[in-house]
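# Overview (structure and organization)
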Amino acid sequence: RRRERLPRERSRLLFSRTRESERARHAMTTATEPASKKPKLDGAAAMDHDSPTAGKENASAVPAGKPGYTEGDTHDLMPLYYKHMFPAEAMMKWLAYGNDSKRPTADQGFMQRREFCFTLEGDVFARYQSFKDAKDLRTALRQKVPTKIDLGPVFNVDPTKRAAYSGATSGGTVFAPVERELVMDIDMTDYDDVRTCCSAANICGKCWPLMTIAVKVIDAGLRADFGFKHLLWVYSGRRGIHVWVCDKRARRLSNEARAAVAEYFSVYKGTDASGVTKRVSLTVPLHPALKRAYDDVLLPYWKDTILPNQELLVDDKTRDNLLNMIPDAQTRSRVESAFQKSDDSVARWDKLESIVRKASATATNAKDFATARGLQRCCYDIVFAHVYPRLDVEVSKHMNHLLKAPFCVHPKTGRVCVPMDPATAAEFDPMAVPTVAQILNEHDSNGGKVEATAMGKAVDVFNTTFWNALDKECREEMGAKAREAADAPTAEW
């Protein structure tokens, strides 16, 4: 039989919306940090928040005749989500990095120096929250019912007590961030000049491969070129992806080093003064990392997926903009003439490549090396400008920049921000990501077993693709510190 506990909670919840809202407002007025309508990022770029006027998306009601939770207003379901489904234990164990252990070498105050930011109803931001453990976090979530949770850095002192250090004089403690994961944010809206299927916050199966490309390219670069091992990939719940680089070396990078890593992946440089012609930062021959990305990911996806899906060489606007990237007028004219013989984007691309290659060889034979170099770069420029990952560099540059936490629920779509396996990125379907109503219904129908729901599967992905290896490394590090402390000489009196 269906357990009675959740239906009773559902009924009580539907008739107590006002009471929950009052409790959240009361919690805000008693918090150490006064609530503000706009988050202050201490010099970092402002966060991007969805407009409160945006419509509900991806709603999918429970089939008629079957009792259960429906999408409706996602916020109505959040108290139950935070009580039964949110993996607070997994979240806090990750963010402790081994400092939740009983070992004497563990930093017992580490977790309480991590900043959490809650977004409450009405886009009210409560920054500088901190919690000592999973129980403390879950209690706050159930009391305040945030629509979103952002994670900030680890500070040198508990952020709720920062006021005591705001006026520190020379030689005193100054409130400052000391550690934070290297994070990257890729948003589909940054590809609106490439997409012909969707725009703005809308996504579909035709444009999502642009995100797949980003996962494959950046994951390979971070691992092969920088030696990072512990990468947590997360779907944003709506139209983008995030990566959290959690190696100890990455967490302690300076702002300057973070900016350098982000710039390493910033090949696309926007458009020229006309706002039409795309600019990229490339040299020929390609840098080895860019050559790897081009051969292994960009070119195959360009020809097999992006061109046929987006019809970039058939759509008038995208075709003309792409042709403008051919630097030689005569070559460009020959390509335009060749396009008249076919209306298929892939066939037109093959013809473009052939004509450009021949024109480059002709220019080289004529010792017109400037034209030859431009034509040699031409096809690379076109592919990189359209499909190479487009990072929001400002998110990565600053240690104290906030980023949405994994396992949040997106308020517009109701979808959970689930971890992704980069090894199977091509199989990830954002439209199949579970909603909060779906997992609550699964929880109800499975006798309250979280592991039997889509949330259980999401936590499994978190563990198997990311946390298990990092947890082992953290435990080994704590063990090594304990042995080092035991072997240290003691003072003789």
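Throughout what follows, the structure given in this document is the object of discussion. This one's a predicted model, so the numbers in the text were calculated from it and none came from an experiment.

## Observations concerning the overall build of the protein chain
A tally of helices and strands in the protein chain yields 16 helices and eleven strands. For the protein chain, the share of sequence-separated contacts (at least 6 apart) that also reach a separation of at least 24 residues comes to 71%. In the structure as shown, the protein chain presents an accessible area of about 22,900 Å², 50% of it carried by carbon and sulfur atoms.

## Regarding the layout of surface pockets
As a volume, the second largest pocket reaches approximately 330 Å³. Lining the second largest pocket are 16 residues, with Val 418, Pro 419, Phe 428, Pro 434 and Val 461 sitting closest to its centre. Elements supplying a minimum of two residues to the lining of the second largest pocket: strand S11 (419-420) and helix H16 (454-487). At four residues, the largest contribution of residues to the lining of the second largest pocket is made by H16.

## Here we look at the packing of helix H11 (residues 329-339) against helix H12 (residues 345-365)
Packing of H11 against H12 leaves a shortest axis separation of 10 Å and a crossing angle of 150°. Considering the angle they form, H11 stands roughly antiparallel to H12. Regarding H11 and H12, the two cross each other, and that crossing is right-handed. Contact with H11, carried on its side by Thr 331, Arg 334, Val 335, Ala 338 and Phe 339, involves Arg 348, Lys 351, Leu 352, Ile 355, Val 356 and Ala 359 of H12 and no other residues of that element. Taken together, the residues of the contact of H11 with H12 break down into seven nonpolar, one polar and three charged.

## Side note on the pattern of salt bridges
Under the counting rule described, the total for this entry stands at 26 salt bridges. Notably, a salt bridge pairs Arg 252 with Glu 179, separated by 3.6 Å at the nearest N-O pair. Separated by 73 residues along the polypeptide, Arg 252 in the loop between helix H7 (248-251) and helix H8 (255-264) and Glu 179 in strand S4 (residues 177-179) bring together distant segments of the chain. You can call Arg 252 exposed: its relative accessible area is 51%.

## A short note on empty space enclosed by the protein
Going through the model one piece at a time under the given rule, you end up with two cavities of 30 Å³ or more. If you add up the space inside the largest cavity, you get close to 50 Å³. In terms of lining residues, the largest cavity is bounded by Cys 246, Asp 247, Lys 248, Arg 251, Leu 470, Glu 473, Cys 474 and Glu 477. Those elements giving two or more residues to the lining of the largest cavity turn out to be H7 and H16. Residue contributions to the lining of the largest cavity peak at four residues, all from H16. Per-class residue counts for the lining of the largest cavity are three nonpolar, no polar and five charged. Taken as a whole, the second largest cavity encloses approximately 30 Å³ of empty space. Along the walls of the second largest cavity sit Val 234, Tyr 235, Ser 236, His 242, Trp 244, Lys 404, Ala 405, Pro 406 and Cys 417, which together make up its complete lining.

## Observations concerning helix H3 (residues 74-85)
Between its first and last C-alpha atoms H3 spans 14 Å; for twelve residues at 1.5 Å apiece the expected length is 16 Å, and the helix comes up short by more than 12%. Extensive coverage of H3 is indicated by the burial of ten of its twelve residues. For H3, the full list of buried residues reads Thr 74, His 75, Leu 77, Met 78, Pro 79, Leu 80, Tyr 81, Tyr 82, His 84 and Met 85.

## As for the packing of aromatic side chains
Applying the stated criterion to the full structure yields 24 aromatic pairs. With a centroid separation of 5.7 Å and an interplanar angle of 85°, the aromatic rings of Trp 208 and Tyr 235 are classed as edge-to-face. Pair noted here: Trp 208 is in the loop between strand S5 (182-187) and helix H6 (209-224) and Tyr 235 is in strand S6 (residues 231-235), with a separation of 27 residues, a long-range link. Judged by its relative accessible area of 1%, Tyr 235 falls in the buried class. Taken together through their ring pairs, the aromatic side chains of Trp 94, Trp 244, Phe 407, Phe 462 and Phe 466 make up a single cluster. In this structure, Arg 127 is placed above the aromatic ring of Tyr 128, and the distance from its NZ or CZ to the ring centre is 4.7 Å. One cation-aromatic arrangement involves Arg 390 over Tyr 268; the distance from NZ or CZ to the ring centre is 3.8 Å.

Rules behind the numbers
- Residues numbered from 1 in each chain as written.
- Predicted model: local features only at pLDDT ≥ 70, side-chain atom pairs only at ≥ 80, totals over all residues.
- Heavy atoms only, no water.
- Helix = DSSP H or I, 4+ residues; strand = E, 2+ residues; numbered from the N terminus.
- Contact = heavy atoms within 4.5 Å.
- Areas by Shrake-Rupley, 256 points an atom, 1.4 Å probe, with all protein chains shown as cover.
- 1 Å grid on protein atoms, 1.4 Å probe; cavity = no way out; pocket = protein on both sides within 12 Å on 5 of 7 lines; lining within 4 Å.
- Points joined across faces, edges and corners; volume = space filled by probe spheres on them.
- Axes fitted to C-alpha atoms, helices over the stretch in contact; angles between N-to-C directions.
- Parallel < 35°, antiparallel > 145°, perpendicular 65-115°, else oblique.
- Left-handed = near helix turned anticlockwise from the far one by under 90°.
- Nonpolar A, V, L, I, M, F, W, Y, C, P; charged D, E, K, R; others polar.
- Salt bridge = Lys/Arg side-chain N within 4 Å of Asp/Glu carboxyl O.
- Buried < 20%, exposed > 50% of the residue type's maximum accessible area, 1.4 Å probe, protein only.
- Expected span 1.5 Å × (residues − 1).
- Phe/Tyr/Trp six-rings, centres within 6.5 Å; stacked < 30°, edge-to-face > 60°.
- Lys NZ or Arg CZ within 6 Å of the ring centre and 35° of its normal.

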